[in-house]
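Summary of structural features
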Amino acid sequence: MFKKRIMGCLLALALGAGTALPAAALAPAEPAPVQQQTASAAWEGVFSGEVDFPIPSDQLGAAVAARQAEGRFDTELARSVVDKINNLRAAPNVWYWASDAQTEKTVFNKGGADDVPLPALQYNTNLELLAQRRAVEMSLHVDATERPDGSRFPALCAEMNVTQDVRSSFVNGYNENVSFEDCLVEWIAEDGSYREQGLRRLWLDPFAQMVGVACFNCHGANFWCFVFGRNNTADGTLGETGTDPADDSQVRAFVTRLYEVCLGRTPDEAGLDGWTDALVSHRNTGSQAAYGFIFSDEFKAKNYCNSCYIDHLYSAFMGREPDTEGHAAWMRVLEEEGQSREHVFNGFVGSNEFKAICAQYGIDPGTGTAEPEGVGTVRRGTCAGCGASDGVEDFVVRLYRICLDRDPDENAQAWMENLRMHKDTGRTAAEGFIFSDEFKARGFDNETFVQYMYRAFFDRMPQGGEESGWVTDLNGGGSRETVMDGFTGSDEF
């Protein structure tokens, strides 16, 4: 980043809230700002044009008009950026980092037989007016997401009668001494990190069709704003929102496929109509619809094991069986790295293969869901796909039957839930049984106690006299807690 840069923000914007639809509960998270910064000390002493915040909403229009009179728009320079955007979109093998991990790239214009190159963006005067207004507002209150009256960008779109089809906006402030060429280097961010490529991702958005750009010079600073959208028309106005009605059958086919692959059944009429309407009108994206199915109560009730869960994601979002290496890699993410199923879901809906399927049906793929801070969604029973039992349930049942010599009681579900949600570990659960009053009341001698340790923790009896060392330690005054530590700290456990 340039030292003279003031601030910047990429705000991914989804206008129009998702609706609750039949047959699959949908609760997509509101898109979060990316690369957000607040006004920093670097701004102080460089720009002195901010006004008291907040400005009452009924006075904002007058304040914008007054500020606009103090500065000027460089419309010719702003519009020239469109050629730069389209040159980047036309470049072969153009890419950006697919995630903050910076281990995988999203690549376009690969030149394959089935590859669809990125289309050129058309300039839209309505989006230009929107960008100009936002640039002026930022000069009043230097904040990348908050307007001078405390509202957000969707409110501005509504005020200017642009309520749909605006995909995203990007606002930046620079000291006016920063050259246009330096700005371009920063925006294109060829060598940038994932976070530094925020605007690059917008420039390469495969579902953007139009753009409006503004550059407002005022009080020694240039305020740039980019607004991207869909469905531009020849006269420069925003076209009708949504997919062409002729494509309704395509969208219905997409929804039907989700019912069949994810839920294993034909769609009910109300659910099919509801999801189709939400996708055609762009109230929901492909990834939001996918989330509604994969994390619906109906899907979760199938209790798919990790392997079957991954199989379904491949089938639903890539239209194919998993390759061996890919399946193994996702299994490692779930079982070795301990990532959530929501994390894996985001990997699939963010893939080029899912975007290609959405494009085939004329649907905006959208982005993933917010990932939970904890363990996320977990299975709670026998897998409907392969019949694999729930490992957590098996573990708890074994502790009851081996340690207490009886079937589980009403407390078993609490043990299982605490293990699933990582409130208990296998070690703490085992300690709860081994040192319970019920177990101690059985009065086992040291040799029998050690045998129970092998059965409870290793699911086997001791072999070749391997228990003798533990028994000797106990007979010599060692504690059963120390023996317990040895078993729970072993690689076999």
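In this text the structure is predicted, and so the values were computed from the model without any measurement. (Residues numbered from 1 in each chain as written. Predicted model: local features only at pLDDT ≥ 70, side-chain atom pairs only at ≥ 80, totals over all residues. Heavy atoms only, no water.)

A look at the overall build of the chain
What counts here: Secondary structure elements follow DSSP: runs of H or I no shorter than four residues count as helices, runs of E no shorter than two count as strands, and numbering proceeds from the N terminus. Only protein chains enter the accessibility calculation, which uses a 1.4 Å probe. A residue is then buried if its area is under 20% of the maximum for its type, exposed if over 50%, and partly exposed in between. Any two residues whose heavy atoms approach within 4.5 Å at even a single point are treated as in contact. Residue burial considers only the protein chains on display, and all accessible areas are found by Shrake-Rupley using a 1.4 Å probe.
The helix and strand tally for the chain stands at 21 helices and 8 strands. Residues counted as buried form 46% of the 493 residues belonging to the chain. Residue pairs at least 24 apart in sequence account for 71% of intrachain contacts in the chain once pairs closer than 6 positions are excluded. Looking at the chain as shown, the accessible area adds up to about 22800 Å², and 47% of this sits on carbon and sulfur atoms.

Focus on the nonpolar core
If you look at soluble globular proteins, the nonpolar side chains tend to sit buried side by side. Condition: Here, the term nonpolar core denotes a set of buried Ala, Val, Leu, Ile, Met, Phe, Trp, Tyr and Cys residues that are joined through side-chain atoms within 4.5 Å.
One finds Phe254, Ile294, Tyr309, Phe317 and Phe345 to be the most contacted residues of the largest nonpolar core, which totals 41 residues. If one sorts the elements of this core by residue count, helix 11 (residues 306-318) sits on top with 8 residues. Ignoring sequence-local partners within four residues, the contact set of isoleucine 294 consists of Cys262, Phe299, Lys300, Tyr309, Leu313, Phe317 and Phe345. In this structure, Ala412, Ala429, Phe433 and Phe444 belong to the second largest nonpolar core, which totals 29 residues.

Structural notes on empty space enclosed by the protein
Filter applied, for reference: A cavity here means a set of points on a 1 Å grid, drawn over the protein atoms and nothing else, where a 1.4 Å probe fits but cannot get out; a pocket is an open set with protein on both sides within 12 Å along at least five of seven lines, and a residue lines either one if it has an atom within 4 Å of a point. Grid points are joined across faces, edges and corners, and a volume is the space filled by probe spheres set on the points. Residues are grouped as follows: nonpolar covers Ala, Val, Leu, Ile, Met, Phe, Trp, Tyr, Cys and Pro; charged covers Asp, Glu, Lys and Arg; every other residue, Gly included, is treated as polar.
For the structure shown, the criterion picks out 3 cavities of 30 Å³ or more. Its boundaries defined by the atoms lining it, the largest cavity holds a volume of some 70 Å³. Around the largest cavity, the lining residues are Ile294, Phe295, Phe299, Lys300, Asn303, Tyr304, Tyr309, Arg341, Thr377, Val378 and Arg379. The class makeup of the residues in the lining of the largest cavity is 6 nonpolar, 2 polar and 3 charged.

Describing the packing of aromatic side chains
This is how the line gets drawn: Ring geometry is summarised as follows: Phe, Tyr and Trp rings, the Trp one being its six-membered ring, pair when their centres sit within 6.5 Å, and such pairs are stacked at plane angles under 30 degrees, edge-to-face over 60 and tilted between the two.
According to the stated counting rule, one finds 32 aromatic pairs in the structure shown. Taken together, a centroid distance of 5.4 Å and an interplanar angle of 80° make the contact between phenylalanine 317 and phenylalanine 354 edge-to-face. With phenylalanine 317 in helix 11 and phenylalanine 354 in helix 14 (residues 352-361), this pair connects stretches of sequence that are 37 residues apart. Classification of phenylalanine 317 as buried rests on a relative accessible area of 0%. A ring pair is formed by tyrosine 454 and phenylalanine 487, whose centres lie 4.9 Å apart and whose planes are at 90°; its orientation type is edge-to-face. One end of the pair, tyrosine 454, is in helix 19 (residues 446-458); the other, phenylalanine 487, is in helix 21 (residues 480-488), and 33 residues separate them in sequence.

Concerning the confidence of the model for the chain
To keep it simple, the criterion reads: The predictor reports its confidence for every residue as pLDDT, a score running from 0 up to 100.
Looking at the chain as a whole, its pLDDT mean stands at 79, while 84% of the residues score no less than 70. Note on residues 1-46: pLDDT is under 50 here. Beyond four places in sequence and across chains, it has 121 contacts. Overall, residues 232-246 carries pLDDT values under 50, and its contacts beyond four positions in sequence, including any with other chains, amount to 38 contacts.

Regarding unusual backbone geometry
In this structure, glutamine 102 is a non-glycine residue whose phi angle is positive, near 55°. By the secondary structure assignment, glutamine 102 is in the loop between strand 3 (94-97) and strand 4 (105-108). With a phi close to 50°, histidine 219 is a non-glycine residue in the positive phi region. Its place among the elements puts histidine 219 in the loop between strand 7 (210-218) and strand 8 (221-229).

Comments concerning the side chain of threonine 285
With respect to the helices and strands, threonine 285 occurs in the loop between helix 8 (269-280) and helix 9 (286-294). Excluding residues within four positions of it along the chain, threonine 285 makes contact with Leu279, Asp364, Pro365 and Gly366.

So, helix 8
In an α-helix, one turn spans 3.6 residues; hence positions three or four apart end up facing the same way. Test applied: Multiplying 1.5 Å by the helix residue count minus one yields the expected span of that helix.
With 12 residues, helix 8 extends 16 Å from end C-alpha to end C-alpha; this agrees with the ideal 16 Å at 1.5 Å per step. The set of residues buried in helix 8 consists of Gly271, Leu272, Gly274, Trp275, Thr276, Ala278, Leu279 and Val280. Packing partners of the buried residues in helix 8 comprise helix 7 (248-263) and helix 9. Once helix 8 ends, the next one or two residues include histidine 282, with phi positive near 65°.

Remarks on the packing of helix 1 (residues 57-70) against helix 3 (residues 125-140)
Under the convention used in this document: Helix axes are fitted only over the stretch in contact, all axes being lines through C-alpha atoms; the angle between N-to-C directions runs from 0 to 180 degrees. Throughout, the term roughly parallel applies to angles under 35 degrees, roughly antiparallel to angles over 145, roughly perpendicular to angles from 65 to 115, and oblique to all others.
Across the interface, helix 1 lies against helix 3 with an axial gap of 9 Å and an inter-helix angle of 90°. It follows from the interaxial angle that helix 1 and helix 3 lie roughly perpendicular. Two secondary-structure elements touch here, helix 1 through Leu60, Gly61, Ala63, Val64, Arg67 and Gln68 and helix 3 through Arg133, Val136, Glu137, Ser139 and Leu140. Taken together, the residues of the contact of helix 1 with helix 3 sort by class into 5 nonpolar, 3 polar and 3 charged.

What to know about the pattern of salt bridges
Our working rule: Between Lys or Arg on one side and Asp or Glu on the other, a salt bridge is scored when a side-chain nitrogen of the former is within 4 Å of a carboxyl oxygen of the latter.
Scanning all chains against the criterion turns up 17 salt bridges. Here glutamate 137 ties to arginine 147 by a salt bridge, and the two come within 2.7 Å at their closest N and O atoms. Taken together, the residues span a long stretch of sequence, with glutamate 137 in helix 3 and arginine 147 in the loop between helix 3 and helix 4 (153-159) at a distance of 10 residues. Overall, arginine 147 belongs to the buried group, its relative accessible area being 0%. Residues participating in the shared-partner salt-bridge network are Arg133, Arg134, Glu137, Arg147 and Glu159.

So, the environment of tryptophan 330
Considering the arrangement of structural elements, one finds tryptophan 330 in helix 12 (residues 324-335). Put simply, tryptophan 330 and isoleucine 310 are 20 residues apart on the chain and 7.3 Å apart in space, counted from C-alpha to C-alpha. Excluding residues that lie within four positions of it along the chain, tryptophan 330 makes contacts with Ile310, Tyr314, Val344, Gly347 and Phe348.

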